[in-house]
Amino acid sequence: MALSGRSWLVLSATFLSVGAEISITPEPAQPAEGDNVTLTVRGLLGEPLAYNWYAGPTFSVIYLVASYIVSTGDETPGPAHTGREAVRPDGSLDIRGVLPGHSGTYILQTLNRQLQTEVGYGHLQVYEILAQPVVMANDTALVERRDTLRLMCSSPSPAEVRWFFNGEALPIAIRLGLSPDGRVLTRHGVRREEAGAYQCEVWNPVSVSRSEPINLTVYFGPERVAILQDSTTRTGCTIKLDFNMSLTLCCVSQSCPEPEYVWAFNGRALKNGRDHLNISSMTAAQEGTYTCIVKNPKTLLSGSASVVVKLSAAAVAMTIVPVPTKPKEGQDVTLTVQGYPKDLLVYAWYHGPASEPNRLLSQLPSGNWIAGPAHTGREVGFANCSLLVQKLNLTDAGRYTLKTVTLQGKTETLEVELQVAPLE
């Protein structure tokens, strides 16, 4: 029997098909776009005369790929032919350079010499080579427990999606915020431990592609504000310091970003915007409460810590230090008194031993001072017992004596030797 492509199309609608076990298997089984694929046919009965291949769910002519006459090898393309298909003599269908659009159901209809038809069904899934996805975020800098994080994996492919956090598979606690299709990650009240690099990956059986990382910053704090001395926490403590000794207080906290710092002394703000405060030379005037106040410019939260700094018991002894220590003729010098009695009643300065002819000046309980017999008009007294001598001359050199009297009547006498260098 000789058939033409047109007569086969007519016959295919005329004769009933018989039960058959035709199998259609794609080779390779999971082809990628661009591969050459063969829909291999097995289980044909009898001696076939012709084949019809359809790329669609029914025998509708619009899905006809090609008709093939075995005896002549004639192949007639149908409406669904893409220019890539070719039928083999054994009924298999070759498709060159498959595209994702070739995916779907394929039907083979055969006619044998007994004018019986057989039908076989197969499915072809062509996997595309995936382009790199992109992670898009509603924001990459969020405030802890206040803001919501939304990440979306953008990809033109309907492929499966998986997420990575700092290069590792997404922790289960974060996975709970995934949308059903896995493409949107939402975290309400984001936490600091969720800061890091996020990536999404699209994949299918033949291709995988991972996005560039997007880095998330989570602002928090300040928390656990503390003041340290030599790496030891001293918050809420009293630090006792020897007279004239130095001290560095360091302020630490848990905060992102680094907070702003303000130091206060006895409630009064100091001009210091650093995370540490230096006390270079401890005196009674520096005794008090030191407070570090930290503020996070992103969370707008703040915290503070305080310490009390006092002179140690050993620092009660009075000392006199000339400033400058080696003055020259014509300069001013201050005989600075450190550790003077807090309950001071009166004091007096003498140029020489503590005798009335040598008295330079005395300070009264009212706070005013009066000149003594040795006063030259160049000496000035201060409330902290210090003495200023202006425009030194060589006769100002020698011993100076300070005499103090407390409210309890305790008298103390202290001497200092002043040297005046002549002008060169």
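As the structure is a computational prediction, the values presented were derived from the model and not from experiment.

Overview of the pattern of salt bridges
If charged atoms from side chains of opposite charge come close, those side chains can pair.
Moving on, step 1. Per the stated rule, a full pass over the model turns up twelve salt bridges.
Moving on, step 2. Across the pair Glu 27 and Arg 42 runs a salt bridge whose closest N-O atoms are separated by 3.1 Å. Of this pair, Glu 27 sits in strand β1 (residues 23–27) while Arg 42 sits in strand β2 (residues 37–42); the two residues are 15 residues apart in sequence, bridging distant segments of the chain.
Moving on, step 3. Between Asp 94 and Arg 88 there is a salt bridge, and its shortest N-O distance comes to 2.9 Å.
Moving on, step 4. Residue classification places Arg 88 among the partly exposed positions, given a relative accessible area of 35%.

Some details on the state of the cysteines
Moving on, step 1. What the rule picks out here adds up to two disulfides.
Moving on, step 2. Between the sulfur atoms of Cys 153 and its disulfide partner Cys 200 the distance amounts to 2.0 Å. Every disulfide takes its handedness from the sign of the S-S torsion; for Cys 153 and Cys 200 that torsion is 70°, giving right-handed. On the criterion of sequence distance, the pair formed by Cys 153 in strand β12 (residues 149–154) and Cys 200 in strand β16 (residues 196–204) is long-range, its members being 47 residues apart.

Observations regarding the domain arrangement of the chain
Moving on, step 1. Here the chain is partitioned into domain 1 (23–124), domain 2 (134–212), domain 3 (235–311) and domain 4 (319–418).
Moving on, step 2. The C-alpha-based centres of domain 3 and domain 4 are spaced at 34 Å.
Moving on, step 3. Listed per partner, the contact involves five residues of domain 3 and four residues of domain 4.
Moving on, step 4. Here domain 3 and domain 4 share an interface that buries about 350 Å² over both sides, 63% of which is from carbon and sulfur atoms.

Regarding the packing of aromatic side chains
Moving on, step 1. Scanning all chains against the criterion turns up four aromatic pairs.
Moving on, step 2. When the centroid spacing of 5.4 Å and the interplanar angle of 85° are considered together, the rings of Tyr 54 and Phe 59 count as edge-to-face.
Moving on, step 3. Seen from the ring of Phe 220, Arg 192 lies directly overhead, with NZ or CZ sitting 3.9 Å from the centre.
Moving on, step 4. Positioned above the aromatic ring of Phe 164 is the side chain of Arg 210, whose terminal nitrogen or guanidinium carbon lies 3.6 Å from the ring centre.

Observations concerning the environment of Glu 201
Moving on, step 1. Following the sequence through the fold, Glu 201 ends up in strand β16.
Moving on, step 2. In this structure the C-alpha to C-alpha distance between Glu 201 and Cys 153, which are 48 residues apart in sequence, comes to 8.2 Å.
Moving on, step 3. Those residues in contact with Glu 201 that sit more than four places away from it in its chain are Glu 160, Val 161, Arg 162, Phe 164, Val 208, Ser 209 and Arg 210.
Moving on, step 4. Of the polar contacts made by the side chain of Glu 201, one reaches the side chain of Arg 162; its length is 2.6 Å.
Moving on, step 5. A polar contact of 3.0 Å, which involves the side chain of Glu 201, links it to the side chain of Arg 210.

Details of the environment of Leu 360
Moving on, step 1. Mapped onto the elements, Leu 360 comes out in strand β30 (residues 359–363).
Moving on, step 2. Apart from residues lying up to four places away in sequence, Leu 360 is in contact with Trp 349, Tyr 350, His 351, Ile 370, Ala 371, Gly 372, Ala 374, His 375, Glu 379, Leu 387 and Tyr 400.

With respect to the UniProt feature "domain: Ig-like" (unreviewed entry) in the chain
Moving on, step 1. The UniProt record marks residues 133–217 and 222–308 with the feature "domain: Ig-like" (unreviewed entry), using the residue numbering of this structure.
Moving on, step 2. Summarising residues 222–308: 0% helix, 59% strand, and an end-to-end C-alpha distance of 22 Å.

Let's talk about the nonpolar core
Moving on, step 1. Ranked by internal contacts, the top residues of the largest apolar core, which has 22 residues, are Leu 249 and Tyr 290.
Moving on, step 2. For this core, the secondary-structure elements that each account for two or more residues are β18 (214–229), β20 (238–241), β21 (247–256), β22 (260–265), β24 (276–279), β25 (288–295) and β26 (302–311).
Moving on, step 3. Per-element tally for this core: the top contributor is β26, with four residues.
Moving on, step 4. Apart from residues lying up to four places away in sequence, Tyr 290 is in contact with Ile 227, Leu 249, Ala 264, Phe 265, Leu 277, Ile 279, Ala 305, Ser 306, Val 307 and Val 309.

Quick notes on the sheet that holds β22
Moving on, step 1. The five strands lie next to each other as β20-β26-β25-β22-β23, forming an open sheet whose pairing is mixed. Edge strands, defined here as strands with exactly one partner in the open sheet, are β20 and β23 (268–269).
Moving on, step 2. Bridging between β20 and β26 involves four bridges; their strand directions are parallel. Among the inter-strand pairings, Thr 238 is bridged to a residue of β26, identified as Val 308.

Side note on the sheet that holds strand β31 (residues 369–371)
Moving on, step 1. Across the sheet, which stays open at both edges, the five strands sit in the order β31-β30-β29-β34-β35 with antiparallel pairing between neighbours. In this open sheet, the two strands that pair with only one neighbour each are β31 and β35 (411–418). When the angles between neighbouring strand axes are averaged without regard to direction, this sheet yields 15°.
Moving on, step 2. As judged from the seven bridges shared by strand β29 (residues 344–351) and strand β34 (residues 398–406), these two strands associate in the antiparallel manner.

Some points on the pairing of strand β5 (residues 74–77)
Moving on, step 1. Pairing of strand β4 (residues 64–69) with β5 involves four bridges; the strand directions are antiparallel. Residue pairing across strands places Ala 66 opposite Pro 77, the latter belonging to β5.
Moving on, step 2. The hairpin formed by β4 and β5 contains four residues between the paired strands, and Gly 73 there has a positive phi angle of roughly 75°.

Details of the layout of surface pockets
Moving on, step 1. The volume enclosed by the second largest pocket comes to roughly 150 Å³.
Moving on, step 2. Around the second largest pocket, the lining residues are Pro 100, Gln 125, Val 126, Tyr 127, Glu 128, Ser 157, Pro 158, Ala 159, Asn 204 and Pro 205.
Moving on, step 3. Its residues assigned to classes, the lining of the second largest pocket shows six nonpolar, three polar and one charged.

Rules and cut-offs
- Residues numbered from 1 in each chain as written.
- Predicted model: local features only at pLDDT ≥ 70, side-chain atom pairs only at ≥ 80, totals over all residues.
- Heavy atoms only, no water.
- Salt bridge = Lys/Arg side-chain N within 4 Å of Asp/Glu carboxyl O.
- Helix = DSSP H or I, 4+ residues; strand = E, 2+ residues; numbered from the N terminus.
- Buried < 20%, exposed > 50% of the residue type's maximum accessible area, 1.4 Å probe, protein only.
- Disulfide = S-S within 2.5 Å.
- Domains from an automatic or database assignment.
- Contact = heavy atoms within 4.5 Å.
- Buried area = accessible area lost by both parts, 1.4 Å probe.
- Phe/Tyr/Trp six-rings, centres within 6.5 Å; stacked < 30°, edge-to-face > 60°.
- Lys NZ or Arg CZ within 6 Å of the ring centre and 35° of its normal.
- Polar contact = N/O pair within 3.5 Å; in protein donor to acceptor, adjacent residues only side chain to side chain.
- UniProt positions renumbered as here; feature names shortened; annotations may be inferred.
- Core = buried A, V, L, I, M, F, W, Y, C linked by side-chain atoms within 4.5 Å.
- Pairing = 2+ DSSP bridges.
- Axes fitted to C-alpha atoms, helices over the stretch in contact; angles between N-to-C directions.
- 1 Å grid on protein atoms, 1.4 Å probe; cavity = no way out; pocket = protein on both sides within 12 Å on 5 of 7 lines; lining within 4 Å.
- Points joined across faces, edges and corners; volume = space filled by probe spheres on them.
- Nonpolar A, V, L, I, M, F, W, Y, C, P; charged D, E, K, R; others polar.

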